[in-house]
Amino acid sequence: MQGQLKIVPSILSASQGNLTATVKRLHAAGLTTIHLDIMDGCFVPEITFGAKLCADLGKEVDATWDAHLMVANPEHQLERFAEAGADWITVHYESSNHIHRLLSRIKELGKLAGVSINPGTPVTALEPLLDIADLILVMTVNPGWGGQKLITSCLDKVRWLLERTEAKLMVDGGVNLETIGQVADAGADLTVVGSALFREELETVLPKLQQAAAHSPRESR
Ligand code: DX5
Ligand code: ZN
């Protein structure tokens, strides 16, 4: 059976004034895992939102909540996001000297433990984490903003990881109609899509993205 690249929408580029309605619309369209880009103005320059938004949206929509923590000192946020109902919690390799401990802690909290790497971090840095990470989030842009151009060479990291881990592999940054085919070909299980989902009507763009994503050569895992 062929694996299919699954789209995980990021609400970063949606209007913050209308997030409940946006999330309801995404969920109704079958996009039931929602990516929350948490930025603290320190690890990355922008500030987005915190655990309370996860809790509040969780009261409105029965989704799987995927918290991507682009924050310094992520150890302070793990319990908060777990209590807020995040199902997947991803921390950046670059954000802690104790990344292994953080992944263990996320698992202790009963959550899916993710680790993310910036474009400038060699994928081999993840070698000691391959058995403990449930999810590896390969950044294909430098984190901080939506709407950037995908750095194609980062997809080689997905190919390297495919040979070495059972962790789910997710790509994040610059994925759109032009690039989603490359992400599928690299063998990722999941891809974040942000700004590309909000440039035109969801009903128009989603089938096009799904069609372009349907070519993943990877076996289902
Ligand atoms: C970048 C974020 C991404 C990004 C995705 O810092 O982690 O989730 O917003 O947005 P697009 O798809 O617009 O690159
Ligand atoms: Zn993200």
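Calculation criteria
- Residues numbered from 1 in each chain as written.
- Chains lettered and ligands numbered in written order.
- Predicted model: local features only at pLDDT ≥ 70, side-chain atom pairs only at ≥ 80, totals over all residues.
- Heavy atoms only, no water.
- Near = heavy atom within 4 Å.
- Polar contact = N/O pair within 3.5 Å; in protein donor to acceptor, adjacent residues only side chain to side chain.
- Areas by Shrake-Rupley, 256 points an atom, 1.4 Å probe, with all protein chains shown as cover.
- Helix = DSSP H or I, 4+ residues; strand = E, 2+ residues; numbered from the N terminus.
- Nonpolar A, V, L, I, M, F, W, Y, C, P; charged D, E, K, R; others polar.
- pLDDT = per-residue confidence, 0-100.
- Core = buried A, V, L, I, M, F, W, Y, C linked by side-chain atoms within 4.5 Å.
- Buried < 20%, exposed > 50% of the residue type's maximum accessible area, 1.4 Å probe, protein only.
- Contact = heavy atoms within 4.5 Å.
- Salt bridge = Lys/Arg side-chain N within 4 Å of Asp/Glu carboxyl O.
- Axes fitted to C-alpha atoms, helices over the stretch in contact; angles between N-to-C directions.
- Parallel < 35°, antiparallel > 145°, perpendicular 65-115°, else oblique.
- Left-handed = near helix turned anticlockwise from the far one by under 90°.
- Pairing = 2+ DSSP bridges.
- Expected span 1.5 Å × (residues − 1).
- Arc of directions from axis to C-beta.

Describing the site of ligand 1
- Around ligand 1, the structure places 20 residues, and the nearest of them are Leu 12, Asp 37, Gly 147, Asp 172 and Ser 195.
- Between an oxygen atom of ligand 1 and a main-chain N or O atom of Gly 147, the distance comes to 2.7 Å.
- If ligand 1 stood free it would expose 380 Å²; the protein chains cover 100% of that surface.
- Those elements giving two or more residues to the shell around ligand 1 turn out to be strand 2 (33-39), strand 3 (64-70) and strand 8 (190-193).
- In terms of residue count, the dominant contributor to the shell around ligand 1 is strand 2 (three residues).
- Residues of the shell around ligand 1, tallied by class, amount to eight nonpolar, ten polar and two charged.

What about the confidence of the model for the chain?
- Taken residue by residue, the chain gives an average pLDDT of 95. The fraction at 70 or more is 95%.
- Averaged over each element, pLDDT in the chain is lowest for helix 8 (residues 202-213) (95) and highest for strand 6 (residues 135-139) (99).

Some details on the nonpolar core
- Of all hydrophobic cores here, the largest spans 66 residues; its most connected members are Ile 11 and Ile 136.
- Dropping the residues within four chain positions of it, Ile 11 is found in contact with Leu 19, Thr 22, Val 23, Leu 26, Ile 34, His 35, Leu 36, Phe 49, Leu 53, Leu 57 and Phe 198.

Re the pattern of salt bridges
- One pass over the structure, following the stated rule, counts eight salt bridges.
- A salt bridge links Asp 56 to Lys 59; the nearest nitrogen and oxygen atoms lie 3.6 Å apart. A residue pair is termed a helical-turn pair when its members lie 3 or 4 positions apart in one helix, as Asp 56 and Lys 59 do in helix 2 (residues 51-60) at three residues.
- Salt-bridge contacts for Glu 200 lead to Lys 208; the nearest nitrogen and oxygen are separated by 3.7 Å.
- Residue Lys 208 is classed as partly exposed on the basis of its relative accessible area, which comes to 36%.

A few points about the packing of helix 1 (residues 19-28) against helix 2
- Their axes nearest at 10 Å, the elements helix 1 and helix 2 cross at an angle of 55°. When the axis of helix 1 is compared with that of helix 2, the two are oblique. Considering only the axes of helix 1 and helix 2, their crossing is right-handed. Across the interface between the two elements, Leu 19, Thr 20, Val 23 and Lys 24 of helix 1 pack against Leu 53, Leu 57 and Glu 60 of helix 2.
- For the contact of helix 1 with helix 2, a count of residues per class yields four nonpolar, one polar and two charged.

A few points about the sheet that holds strand 7 (residues 168-172)
- Strand order in this open sheet of eight strands is 1-8-7-6-5-4-3-2, and the pairing throughout is parallel. If you trace the sheet from one side to the other, it starts and ends with strand 1 (6-9) and strand 2, each paired once. Pairs of neighbouring strands in the sheet enclose a mean axial angle of 25°, with direction left out of account.
- Most of the contacts of helix 4 (residues 99-108) go to strand 5 (residues 112-117), to which it runs at about 150°, and overall it touches strand 4 (88-92) and strand 5.
- Packing of helix 5 (residues 155-162) onto the sheet brings it into contact with strand 5, strand 6 and strand 7, and relative to strand 7 it is tilted by some 180°.

Considering unusual backbone geometry
- The phi angle at Asn 73 is positive, at roughly 50°, despite the residue not being glycine.
- With respect to the secondary-structure elements, Asn 73 resides in the loop between strand 3 and helix 3 (78-83).

Quick look at helix 8
- For helix 8, which comprises twelve residues, the first-to-last C-alpha distance of 16 Å matches the rise-based estimate of 16 Å (1.5 Å per residue) to within 8%.
- Listed in full, the buried residues belonging to helix 8 are Leu 202, Val 205, Leu 206, Leu 209 and Ala 213. Viewed along the axis of helix 8, the buried residues span an arc of 100°, placing them on a single side of the element. Turned more than 90 degrees away from the buried face of helix 8 sit Glu 203 and Gln 211, all of them exposed.
- Buried residues along helix 8 sit against strand 1, helix 1, helix 6 (180-186), strand 8 and helix 7 (195-198).

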